[in-house]
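Descriptive structure summary
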Amino acid sequence: MTDEADIGEAVDYILAERPKLDEASIWTVLMELQEPPQPQSDRIALNLITQLHPAIRRGDAKLILREWRAYASLATTGDWDDEE
């Protein structure tokens, strides 16, 4: 997930799953990190985001990371229709 098109799709997915999250915050987190971190790296990623962007709440950033990983997982599993 390195190009901006994939990030845009991830933002759309996260907004669909969590419509109360701020779109600008989602864009900021995804553009700052460029790829979803491994779960064991969440603490480092969350510290980075909240230090660089104090307007983004830690809880919101945590939700964004969770949904971003869910999107990445779905994006790599392929489409069932393609298997027919």
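Refer to the structure above for everything that follows.
Computed from a predicted model, the values in this text were never measured in an experiment.

Description of helix H4 (residues 58-77)
The end-to-end C-alpha distance of H4 is 29 Å, a good match for the 28 Å that 20 residues give at a rise of 1.5 Å each. Looking at H4, one finds that the buried residues are Ala 61, Ile 64, Leu 65, Glu 67, Trp 68, Tyr 71 and Ala 72.

Regarding the nonpolar core
A general tendency of soluble globular proteins is for nonpolar side chains to be buried together. Of all hydrophobic cores here, the largest spans 18 residues; its most connected members are Val 29 and Leu 30. Every element with two or more residues in this core is listed here: helix H1 (4-17), helix H2 (23-33), helix H3 (42-52) and H4. The biggest single contributor to this core is H4, with five residues. Aside from chain neighbours lying at most four places away, what touches Val 29 is Ile 49, Ile 56, Ile 64, Leu 65 and Trp 68.

Criteria and cut-off values
- Residues numbered from 1 in each chain as written.
- Predicted model: local features only at pLDDT ≥ 70, side-chain atom pairs only at ≥ 80, totals over all residues.
- Heavy atoms only, no water.
- Helix = DSSP H or I, 4+ residues; strand = E, 2+ residues; numbered from the N terminus.
- Expected span 1.5 Å × (residues − 1).
- Buried < 20%, exposed > 50% of the residue type's maximum accessible area, 1.4 Å probe, protein only.
- Core = buried A, V, L, I, M, F, W, Y, C linked by side-chain atoms within 4.5 Å.
- Contact = heavy atoms within 4.5 Å.

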